[in-house]
Amino acid sequence: MIISNGALSIAAGGTTYLSLTGGQGTLTISPAGIVGSLSATVQTIAIPGVTLSSVAIALNTTSTAAQGIPAGPFFGVEADRASVSISGQSVSANLAIQVTTGSVSSGSGGVTLVAIAVANASASFGGGLATLSNGSGALLVSSGGVAGTFTGTIALNVPGALISGTLSVQVNTSTQAVLSTQFTVGGQTVVVSLPPGQ
């Protein structure tokens, strides 16, 4: 099945909460399962302070990789230029969320893995008093624990001075090392590779 120029609108009580246009993708249904992807431009999102440029969804319930989608079970959502602004505080980033079954360490396999990856992240707090730029990282959550990395540039704008530096955070609550795991978010590759947690 090929989808071209698709549109979706979710509304209630005369208010359109979500409107997608320019939907494109493919969906293959076979005895082995379902595999496909869909992308669309976000025209309207009725959540105060929230904006999105586009969204993409990938699904694979088969046991083999296909159409550039990893072997299933796999479900992924990617949002480009997602931003939230509340009371003068703002955060924006390209965001990807994946749910799959696999392994991120030499001592695990076949576990449900939830991954949240961000790239091109930026934030502003206190009217620009504190800012974050060029942020990227990923968080992996499984039954074995939580592991993740995040890097970015932070700056403090205080009267008469500008203080900036590089922020780097690593965490691994499991007892296993995290093998080099890559995610592509908004065209940028995010890599997670960590030693065992203590």
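None of the values given here were measured: they were computed from a predicted structure.

Draft legend 1. Representation of the overall build of the chain. Check the secondary structure of the chain and you find 0 helices and 13 strands. Reading the secondary structure of the chain in the N-to-C direction produces β-β-β-β-β-β-β-β-β-β-β-β-β. Oriented by its inertia axes, the alpha-carbon framework of the chain measures out at about 65 × 55 × 30 Å. Within the chain, buried positions represent 30% of all 198 residues. Across the chain, the fraction of contacts at a sequence separation of at least 24, relative to all contacts at a separation of at least 6, is 40%. Of the roughly 10900 Å² that the chain leaves accessible, carbon and sulfur atoms contribute 62%.

Draft legend 2. Quick peek at the pairing of strand E12 (residues 178–185). Pairing geometry for E12 and strand E13 (residues 188–194), over 6 bridges, is antiparallel. Bridged to Val185 within E13 is Gln188. Connecting E12 to the next strand, E13, in antiparallel fashion are 2 residues, including Gly186 with a positive phi near 55°.

Draft legend 3. Structural view of unusual backbone geometry. Backbone torsion omega between Gly72 and Pro73 reads 5°, so that peptide bond is classified as cis. By the element assignment, Pro73 lies in the loop between strand E5 (54–60) and strand E6 (74–86). Positive phi outside glycine occurs at Arg81, with the angle close to 50°. Following the sequence through the fold, Arg81 ends up in strand E6. Exposure remark for Arg81: the relative accessible area of 61% places this residue in the exposed category.

Draft legend 4. Expanded view of the environment of Ala115. Relative to the helices and strands, Ala115 resides in strand E8 (residues 111–125). Using a relative accessible area of 4% as the deciding quantity, one classes Ala115 as buried. In the structure, Ala115 is positioned 68 residues away from Phe183 in sequence and 8.9 Å away in space, judged by C-alpha atoms. With residues near it in sequence (within four places) discarded, Ala115 still touches Ala96, Ile97, Gln98, Leu139, Leu140 and Phe183.

Draft legend 5. Looking closely at the nonpolar core. Formed by 14 residues in total, the largest nonpolar core has its most connected members in Ala138, Leu140, Val178, Phe183, Val185 and Val192. Looking at which element gives the most residues to this core, the answer is E8, with 4 residues. Counting 6 residues, the second largest nonpolar core, distinct from the first, contains Ala40, Val42, Val55 and Ala79.

Conventions used here
- In every chain, residue numbers begin from 1 and rise along the written sequence.
- Where totals are concerned, whole chains, interfaces and linings use all residues; where local detail is concerned, this predicted model gives features only for residues with pLDDT of at least 70, and gives and counts side-chain atom pairs only at 80 or more.
- For side-chain calculations, the full set of non-hydrogen atoms in the structure is used, while hydrogens and water are omitted.
- Secondary structure elements follow DSSP: runs of H or I no shorter than four residues count as helices, runs of E no shorter than two count as strands, and numbering proceeds from the N terminus.
- Partly exposed residues are those whose accessible area sits between 20% and 50% of the maximum for their type, while under 20% is buried and over 50% is exposed, using a 1.4 Å probe and protein chains only.
- Note on contacts: a residue pair is in contact if any heavy atoms of the two residues lie within 4.5 Å.
- Using a 1.4 Å probe, accessible areas were evaluated by the Shrake-Rupley method; residue-level cover was limited to the displayed protein chains.
- Pairing between strands requires that DSSP locate at least two bridges from one strand to the other.
- Here, nonpolar core refers to any group of buried Ala, Val, Leu, Ile, Met, Phe, Trp, Tyr and Cys residues whose side-chain atoms link them within 4.5 Å.

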